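Residue-level structural notes
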Amino acid sequence: MSNGLSKGWIYFFGALGGLLYGYETGVISGALIFIDQDIPLSDFLQGVVVSSLLAGAIVGAGLSGYVSDKFGRRRVVFVIALVYLIGSLVLAFSPNAGVLITGRVILGLAVGGSTALVPVYLSEMAPTSQRGALSSLNQLMITLGILLAYLINYAFTPIEGWRWMVGLAAVPAILLMIGVIFMPESPRWLIKRNREQEARNIMGLTRDQAEIEDEMKQMKEIENIEEGTGDLLKAKWLRPMLVVGCLLAAFQQLIGINSVIYYAPTIFTEAGLGNAASILGTVGIGTVNVLMTLVAIATIDKLGRKKLLLTGNIGMVSSLAALSIILFSVELTTTVAWLIVVFLGVFIMFFSATWGPVVWVMLPELFPMKARGAATGITTLVLSLANLIVSLTFPILLGAIGINWVFVIFAFMGVLAFLFVLRFIPETKGRSLEDIEKDLRGGLSSKS
């Protein structure tokens, strides 16, 4: 196997956990329409079914970072794939709402684990000059997983086959379990375990010799600082950036992206489209999601993280404001329903090119090597908690105040996110992880 091919497999399997996360995020949107005909669900129970995945994700995110710092990234990825497999099978054979919710919680453990671990692994494997693009593969896989889920939903709509929809997640889970065999361990984790030669060999797959020597020198310098993970997480110099990382993660969800992903068919049905047309509308949104993530991969290392976040906020708030104005001003017709599809597509375009990939790239960049897994786990735990709150309350708000006011709330959160990024987020483009850590220790990382 050539180095080029080896490199491709490393990044493909490294990011594959993102595809499973995306699939589980997207598949429930179509399945919900038909689950209710087999297993009756109230509005509240619909919210619980959707959000129970996120309850599990909170636990998975909190555990996986610490466990991966202790036992290594590869081993934890294998366990995550196994949990995905078990959860998808439990879901597919659910006889009642209780088992359905249990299956979603099990899947949530894997979702939380992959959201915490995949960005860390890709960030640590990537050369500095390509770190933004390669770390964005996580978001690309998430969007591909969502699109795949939408296509599967559409394919099984004629037979109302929701069990097939949720059960087919077992296939990529098995693929990931096999793929772990080909994945090398993170060189930065190996350095922490004094396995320098192994780290050098792995870095040789993705870097030239000069880059290896430079990064090795920086990694050893950081590693020689006598600190444990627990001490680092409690350190005064790290605390402000940990808060910033948690808020960045929370804002990614409070803007409302996963309400669109989870409930897109529900939104379209509410707007007047039929079941098949509603699910077809989500396929269009899923396609836009993937294409704009490719745009992000091509631009993130050129334009920078902060500029993309700010641009994304402007686009998302504008599209949400337009949706609100339309819904406040005109009566629902088929034409207006498709107009809603278009503006939600614009919202997705801006999210997918900016906040979607950039947040996953930045979270592991913000934290020191010895606590990167644990700190990223804490931020993704907060992300999952924010996702849980939004997804649990969305169907309730939809029934109580209507979709127009819900979009107003999301637009307001987008304005707050813009102000937060403008004031607190540092630029990390083109800087090694070790350089970022040195500035963080020196108290400079709060400067843009």
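The structure displayed is predicted, hence computed values, not measured ones.

Looking only at helices and strands, one finds 21 helices and zero strands in the protein. Counting only residues that meet the buried cut, the protein has 61% of its 448 residues in that class. In the protein, the share of contacts with a sequence separation of at least 24, taken over all contacts with a separation of at least 6, comes to 83%. Entry remark: accessible area of the protein is about 16,300 Å², with carbon and sulfur atoms responsible for 69%.

For the pair helix α13 (residues 239-254) and helix α18 (residues 355-365), interaxial distance at closest approach is 10 Å and the crossing angle is 160 degrees. On the basis of the axis angle, α13 is roughly antiparallel to α18. For the pair α13 and α18, the crossing hand works out as left-handed. Contact with α13, carried on its side by Gly-245, Leu-248, Ala-249, Phe-251 and Gln-252, involves Trp-355, Gly-356, Val-359, Trp-360, Met-362 and Leu-363 of α18 and no other residues of that element. Across the contact of α13 with α18, the residue classes break down as eight nonpolar, three polar and no charged.

Under the criterion given, the structure shown has eight salt bridges. Arg-73 is the salt-bridge partner of Glu-124, the closest N and O atoms lying 2.9 Å from each other. One end of the pair, Glu-124, is in helix α4 (residues 97-125); the other, Arg-73, is in helix α3 (residues 73-92), and 51 residues separate them in sequence. For Glu-124, a relative accessible area of 0% corresponds to the buried category. Note on Arg-73: relative accessible area 0%, which makes it buried. A salt bridge links Glu-365 to Arg-305, with the shortest nitrogen-to-oxygen separation between them at 2.6 Å. On the criterion of sequence distance, the pair formed by Glu-365 in helix α18 and Arg-305 in helix α16 (residues 305-329) is long-range, its members being 60 residues apart. Residues Glu-365 and Arg-305 agree in their burial class; the two are buried. Ionic contacts of the salt-bridge type, sharing partners, join the residues Asp-69, Arg-73 and Glu-124 into one network.

Looking now at the packing of helix α19 (residues 372-400) against helix α20 (residues 403-424). Here α19 crosses α20 at 145 degrees, and the two axes come no closer than 9 Å. Both α19 and α20 take part in a crossing whose hand is right-handed. Here α19 contributes Val-390, Phe-394, Leu-397 and Leu-398 to the contact with α20, which in turn contributes Ile-403, Val-406 and Phe-410.

It is worth spelling out the environment of Val-171 at this point. Tracing the sequence through the fold places Val-171 in helix α8 (residues 170-179). Between the C-alpha atom of Val-171 and that of Leu-20, which follows or precedes it by 151 residues, the distance is 9.6 Å.

Applying the stated rule across the entire model yields two cavities of 30 Å³ or more. In this structure, the largest cavity spans a volume of roughly 120 Å³. Together, 13 residues line the largest cavity, and Gln-139, Ile-142, Ile-257, Asn-258 and Phe-351 are the ones closest to its centre. Sorting the residues of the lining of the largest cavity by element identifies α1 (3-38), α6 (137-156), α13 and α14 (257-270) as the ones contributing at least two each.

Attention now moves to the packing of aromatic side chains. Note on aromatic pairs: each is described by the distance of the centres and the angle between the planes. As enumerated under the stated definition, the model contains four aromatic pairs in all. Both rings, one in Phe-420 and one in Phe-424, keep their centres 5.8 Å apart while their planes meet at 35 degrees; by these two values the pair is tilted. Taken together, the residues span about one helical turn, with Phe-420 and Phe-424 both in helix α20 at a distance of four residues. Overall, the relative accessible area of 39% leaves Phe-424 in the partly exposed class. Ring pairs connect the aromatic residues Phe-251, Phe-420 and Phe-424, which therefore count as one cluster.

This part covers helix α2 (residues 43-71). Compared with an ideal rise of 1.5 Å per residue, which puts 29 residues at 42 Å, α2 spans 42 Å between its outermost C-alpha atoms and is within 8% of the ideal. At Ser-51, α2 shows its maximal kink, close to 35 degrees. Backbone geometry just downstream of α2 places Gly-72 in the positive-phi region, at approximately 105 degrees.

Let's shift gears to α13. For α13, built from 16 residues, the straight-helix expectation of 22 Å at 1.5 Å per residue is met to within 8% by its first-to-last C-alpha distance of 22 Å. Taken together, the buried positions of α13 are occupied by Met-241, Leu-242, Val-244, Gly-245, Cys-246, Leu-248, Ala-249, Ala-250, Phe-251, Gln-252 and Gln-253. Positive phi appears at Gly-256, one or two residues downstream of α13, with a value of about 105 degrees.

The next point concerns unusual backbone geometry. Of note in the backbone geometry, Glu-160 takes a positive phi value of approximately 55 degrees without being a glycine. Here Glu-160 is to be found in the loop between α6 and α7 (162-167).

Note on placement: Leu-248 falls in helix α13. The sequence separation of Leu-248 and Met-362 amounts to 114 residues, and the corresponding C-alpha distance is 9.2 Å. Beyond its immediate chain neighbours, meaning those up to four positions away, Leu-248 contacts Leu-309, Trp-355, Val-359, Met-362, Leu-363, Phe-420 and Ile-425.

The subject of this paragraph is the nonpolar core. In this structure, Tyr-84, Trp-162, Leu-248, Leu-309 and Trp-355 are the most contacted members of the largest nonpolar core, which totals 133 residues. Tallying contributions element by element places α1 first for this core, with 16 residues. Among the domains, domain 1 (8-183) and domain 2 (233-440) are the pair contributing at least three residues each to this core. In this view, Trp-162 contacts Ala-31, Phe-34, Ile-35, Asp-38, Ile-39, Leu-91, Ser-94 and Leu-100; residues no more than four positions away in its chain are not counted.

The rules we used
- Residues numbered from 1 in each chain as written.
- Predicted model: local features only at pLDDT ≥ 70, side-chain atom pairs only at ≥ 80, totals over all residues.
- Heavy atoms only, no water.
- Helix = DSSP H or I, 4+ residues; strand = E, 2+ residues; numbered from the N terminus.
- Buried < 20%, exposed > 50% of the residue type's maximum accessible area, 1.4 Å probe, protein only.
- Contact = heavy atoms within 4.5 Å.
- Areas by Shrake-Rupley, 256 points an atom, 1.4 Å probe, with all protein chains shown as cover.
- Axes fitted to C-alpha atoms, helices over the stretch in contact; angles between N-to-C directions.
- Parallel < 35°, antiparallel > 145°, perpendicular 65-115°, else oblique.
- Left-handed = near helix turned anticlockwise from the far one by under 90°.
- Nonpolar A, V, L, I, M, F, W, Y, C, P; charged D, E, K, R; others polar.
- Salt bridge = Lys/Arg side-chain N within 4 Å of Asp/Glu carboxyl O.
- 1 Å grid on protein atoms, 1.4 Å probe; cavity = no way out; pocket = protein on both sides within 12 Å on 5 of 7 lines; lining within 4 Å.
- Points joined across faces, edges and corners; volume = space filled by probe spheres on them.
- Phe/Tyr/Trp six-rings, centres within 6.5 Å; stacked < 30°, edge-to-face > 60°.
- Expected span 1.5 Å × (residues − 1).
- Bend = angle between axes of the 7 residues up to and from the residue.
- Core = buried A, V, L, I, M, F, W, Y, C linked by side-chain atoms within 4.5 Å.
- Domains from an automatic or database assignment.

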